[in-house]
Amino acid sequence: MSAKLKQLEDIVRPVVEGLGFEFWGIEFRSRGHQSLLRIFIDDVENGIGVDDCEKVSRQASGVMDVEDPIQTEYTLEVSSPGMDRPLFRLEQYEAFVGHQVQLKLRMAFDGRRKFQGLIKGVEGDDVVIVVDDHEYLLPFDSIEKANIVPVFE
C-alpha cells in the first residue's frame, strides 16, 4: 500500500467504523485536476443502501476538508463493494477461499499479468490461486488489483 493510500485510510477508516459500517477498502486515482477518492463500505447483516453511502460521504467529506490530505480537486465516492468486490487485504482473500478471483499483477509473473482462478488460500504473504489445474503462489505485494468474480445461479 502506498504512503498516500495509508494516509487516506487512516483518516477515513475511523469515520466509517464510527458510523457502524465495515471499512472494506479505499482507492485513490490521481488524474491531474480530476482525481477520484472511492471509499468502499460494507454491512454484512443489513447490506448497504444509498442513504448509508450518503451518510458516510457527508462525514468523510467534512473530515477530509479539515485534514486536507489531497491538495488538488477530487471527487469523493462512497460505495458498497458489490458482488464483484475488490480485495484490498490478505484477510479478505482468506475470507473468500473457494471463490473465483480475477486479478492483475504489477509486473508479469510466468509471462502474464492477468489471472483468473479459484482462491485456494493464503500462505504467509502469498495468495494461492488455482488456474486451469495449475497452482500459483502470488506475492500479495505484487497484486495491483483483484476482484471477486460473481457467480449467478
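Refer to the preceding data block for the structure.
Rules used throughout
- Residues numbered from 1 in each chain as written.
- Predicted model: local features only at pLDDT ≥ 70, side-chain atom pairs only at ≥ 80, totals over all residues.
- Heavy atoms only, no water.
- Helix = DSSP H or I, 4+ residues; strand = E, 2+ residues; numbered from the N terminus.
- Buried < 20%, exposed > 50% of the residue type's maximum accessible area, 1.4 Å probe, protein only.
- Contact = heavy atoms within 4.5 Å.
- Polar contact = N/O pair within 3.5 Å; in protein donor to acceptor, adjacent residues only side chain to side chain.
- Pairing = 2+ DSSP bridges.
- Axes fitted to C-alpha atoms, helices over the stretch in contact; angles between N-to-C directions.
- Right-handed = clockwise from strand over helix to strand, strands pointing away.
- Expected span 1.5 Å × (residues − 1).
- Arc of directions from axis to C-beta.
- Core = buried A, V, L, I, M, F, W, Y, C linked by side-chain atoms within 4.5 Å.

(A) Main features of the overall build of the chain. When helices and strands are tallied, the chain shows three helices and eight strands. Counting from the amino terminus, the chain carries its helices and strands in the arrangement α-β-β-α-β-α-β-β-β-β-β. The principal-axis extents of the C-alpha atoms in the chain amount to approximately 50 × 35 × 25 Å. Counting across all 153 residues of the chain, residues that qualify as buried make up 36%. Pairs at least 24 apart in sequence give 53% of the contacts found in the chain among residues at least 6 apart.

(B) Spotlight on the side chain of Q92. Within the secondary structure layout, Q92 lies in helix α3 (residues 90-95). In this structure the side chain of Q92 is engaged in a polar contact, spanning 2.5 Å, whose partner is the backbone nitrogen of F88. Sequence-distant contacts of Q92, defined by excluding residues within four places in its chain, comprise W24, P86 and L87.

(C) Broad picture of the sheet that holds strand β4 (residues 100-109). The strand order across the open sheet formed by five strands is β7-β6-β5-β4-β8, and the pairing between neighbours is antiparallel. The sheet terminates laterally at β7 (134-139) and β8 (143-148), the two strands that pair on one side only. Taken over all neighbouring pairs, the strand axes of this sheet differ in orientation by 40° on average, direction set aside. Examined bridge by bridge, β4 and strand β5 (residues 112-123) share six bridges and lie antiparallel to one another. Counted as the bridge partner of V101 is G117 from β5.

(D) Representation of the environment of E123. Looking at the secondary structure, you find E123 in strand β5. The partly exposed category is assigned to E123, whose relative accessible area is 46%. With 80 residues separating them in the primary sequence, E123 and D43 have C-alpha atoms 27 Å apart. Dropping the residues within four chain positions of it, E123 is found in contact with V128 and L137.

(E) Quick peek at the pairing of strand β3 (residues 74-79). Looking at chain direction, strand β2 (residues 35-42) and β3 are connected through six bridges and run parallel. The residue of β3 that forms the bridge with L37 is L76. Following the chain from β2 across helix α2 (residues 50-67) to the adjacent parallel β3, one finds a crossover that is right-handed.

(F) Inspection of α2 at higher detail. Taking 1.5 Å as the rise per residue, α2 with 18 residues should run 26 Å; its terminal C-alpha atoms sit 25 Å apart, in good agreement. Within α2, the full set of buried residues consists of D52, C53, V56, A60 and M64. Viewed end-on, α2 has its buried residues packed into an arc of 85°, placing them on one side of the element. Counted as exposed and oriented over 90 degrees from the buried face of α2: V50, D51, R58, D65 and V66. Next to the buried residues of α2 lie α1 (3-18), β2 and β3. After α2 finishes, the residue D68 shows a positive phi value of roughly 50°.

(G) Broad picture of the nonpolar core. In this structure, L87, L103, F115, I119 and I129 are the most contacted members of the largest nonpolar core, which totals 19 residues. Of all the secondary-structure elements, those providing two or more residues to this core are α3, β4, β5, β6 (126-131), β7 and β8. Discounting residues that sit within four places of it in the chain, L103 has contacts with R113, K114, F115, I129, L138, I143, K145 and A146. The next biggest cluster of nonpolar side chains, apart from the first, holds 17 residues, and it includes I11, M64, I70 and V78.

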